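The residues making up each chain are set out below.
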Amino acid sequence: MARKKNRRGRYEIQEKKASERKYTSYEDVPLEDYRSTEPEPSNITGKFLKVFLILFLSVVAVLAFMNIDKLTPDNIAHWFQYDLLGKTDGEGYPITFTGASLNTQNFDLISNVPVYCSDTTIAVLNPNAGKYQENQHSYASPALSVNGGYAIVYNIDATGFTVLKRDSVVYSGSADDKIYAGDIADNGVYALLTRSDDYLSKLTVYRTDNLEKYEYSFADYYVNTVSLNHDGSRAVLSGVSARNGGLISVIYILDFTQDTYMQKYEADDTYIYEVSFLNNGNAVAVGDKTAFFINVESGQKKDFSFKSRTLTNYTLKRDFGMLLSLSVNPDGRECNIITVSNSGEIAENIHTGEKILSMDINNGRAAVLEHGKLVVFAADGKEETSVEVSFDARKLRYTDHRTFYVLGKSRIFKIGI
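Residues numbered from 1 in each chain as written. Predicted model: local features only at pLDDT ≥ 70, side-chain atom pairs only at ≥ 80, totals over all residues. Heavy atoms only, no water.

Enquirer: I'm lost on a nonpolar patch on the surface in this one. Help?
Expert: Among the surface-exposed residues, Phe48, Leu49, Phe52, Leu53, Phe56 and Leu57 lie close enough to one another that they form a single nonpolar patch of about 650 Å² accessible area. Among the structural elements, Phe48 can be located in helix H1 (residues 44-66). (Patch = residues over 30% accessible without salt bridge, like charges linked within 9 Å, V, L, I, M, F, W, Y side chains within 5 Å. Areas by Shrake-Rupley, 256 points an atom, 1.4 Å probe, with all protein chains shown as cover. Salt bridge = Lys/Arg side-chain N within 4 Å of Asp/Glu carboxyl O. Helix = DSSP H or I, 4+ residues; strand = E, 2+ residues; numbered from the N terminus.)

Structure below.
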């Protein structure tokens, strides 16, 4: 090829005959000769970025609107530190928990990840078995209660307690009297039931700044269970007493804007194990012979008698209602699972034919833990799937509709189905 200047002073490339061609270094050719003669395209990349940015911001706006109650400075900081930057790693499950013993009542989920309180340690784990936090304690008889993103650990028959979130200890303190029950709302308001010199029991409710919000004393019953509603404005409690030589239980509904109880229900010859305020404002309680559902606004109470069956296990779920494992055999075999919804209706009656160690429910799908097996039942009560688990598995908790955390004798497992 040869170069020849045109009238505008620019070089043009002229084709030579094959016999006239010589080797030419590209260093001798001006840069403009390499430019494409095709017309330059419009700024497609810029338009694409604009469209992508608009779609991205729209998705973020929708997610923010759907989770507006969770967009707190703490949650945003946690997402940045732990989820985005990966502050905690972990080597995967199963993991051996810290401590010599861990009661099943002291294993649960906080912000959808495992939290436990062993005989020596309070710890929160991440999805890959790393630790968000791990704190030693000196409680002789610790008890754990969790609600959403908050948890409280208290020392039964002593005065110490600790309030924590997923990433940190919020407050550690001491009550004026010995504690025997406690609970926390999902906004951080917490309550302690204590013994009193002047009354059989005393409820004290604390604000998030740990100042006293409300107090109520009980003179007729030993009140020994408490559950707060979602915003810490009400509580359901139960207690026991004796009447005419027999046992009688009571359920109280308290509103913290009122000086006296809002509702009161008595049940003869029944001992109540646990109560729970549900997220929709109703309340449930389970006893040794009967379970109870209370529509708090209407005051209507519904009883679910076990009749000749034996209660072998139960789970109270704030976002659902309650699950009851009932057996026709005193040894706990051949169990049926009764699920009672947050509107007080029996959702399912599931026959398992096995002894039930633990139960949970997610989006209508009940999961049960049997010896060496985890079984999931569909919303219609039919077995959907099952998976083998360790024979020392004692308690399960749903983290999402296909994943569980399972407590064993010395380890914590993560099970997918």
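Enquirer: Just checking my understanding: could you explain the sheet that holds strand E5 (residues 113-117) for this structure?
Expert: As a general point, the strands of a sheet are linked pairwise by backbone hydrogen bonds and lie either parallel or antiparallel. The strand order E4-E5-E6-E7 describes an open sheet built from four strands, whose pairing is antiparallel. Only two strands of the sheet have a single partner each, and these edge strands are strand E4 (107-110) and strand E7 (131-136). Neighbouring strand axes in the sheet, compared pairwise and without regard to direction, differ in orientation by 15 degrees on average. (Pairing = 2+ DSSP bridges. Axes fitted to C-alpha atoms, helices over the stretch in contact; angles between N-to-C directions.)

Enquirer: For this particular structure, what's the right way to read the sheet that holds strand E11 (residues 169-184)?
Expert: With respect to topology, seven strands assemble into an open sheet ordered E8-E9-E10-E11-E12-E13-E14, the strand pairing being antiparallel. The outermost strands of the open sheet, each flanked by one partner alone, are strand E8 (142-147) and strand E14 (212-218). Along the sheet, successive strands turn relative to each other by an average axial angle of 20 degrees, direction set aside. Across six bridges, the pairing between strand E13 (residues 201-206) and E14 is antiparallel. Residue pairing across strands places Ser201 opposite Phe218, the latter belonging to E14.

Enquirer: How should the pairing of strand E16 (residues 234-243) be read in this particular structure?
Expert: Consecutive side chains along a regular strand alternate between the two faces of the sheet. Burial within E16 is extensive, with seven of its 10 residues counted as buried. Strand direction decides the pairing type here: strand E15 (residues 222-228) and E16, joined by six bridges, are antiparallel. Looking at E16, one finds that Thr225 is bridged to Ser238. With antiparallel pairing between neighbouring strands as the criterion, E15 and E16 make up a hairpin whose turn holds five residues, including Gly232 at a positive phi of roughly 70 degrees. Two strands pair when backbone bridges link them, and E16 and strand E17 (residues 246-255) are joined in this way by 10 bridges, in the antiparallel orientation. Considered in E17, the bridge of Arg243 is made with Gly246. (Buried < 20%, exposed > 50% of the residue type's maximum accessible area, 1.4 Å probe, protein only.)

Enquirer: Would you mind going over the nonpolar core with me for this structure?
Expert: The nonpolar side chains of a soluble globular protein tend to be buried, and buried together. The biggest cluster of nonpolar side chains holds 34 residues, and the ones touching the most others in it are Phe161, Leu193, Leu203, Phe218, Leu237, Leu254 and Phe256. Of the residues forming this core, the biggest block, five residues, is contributed by E11. Not counting residues up to four positions away in its chain, the partners in contact with Phe161 are Tyr139, Ile152, Val153, Tyr154, Tyr171, Ser172, Gly173, Ser174, Ala175, Ile179, Tyr190 and Leu192. Counting residues in each nonpolar core, the second largest holds 14 residues, with Val286, Phe293, Phe304 and Phe306 among its members. (Core = buried A, V, L, I, M, F, W, Y, C linked by side-chain atoms within 4.5 Å. Contact = heavy atoms within 4.5 Å.)

Just distances and angles here, no functional claims.
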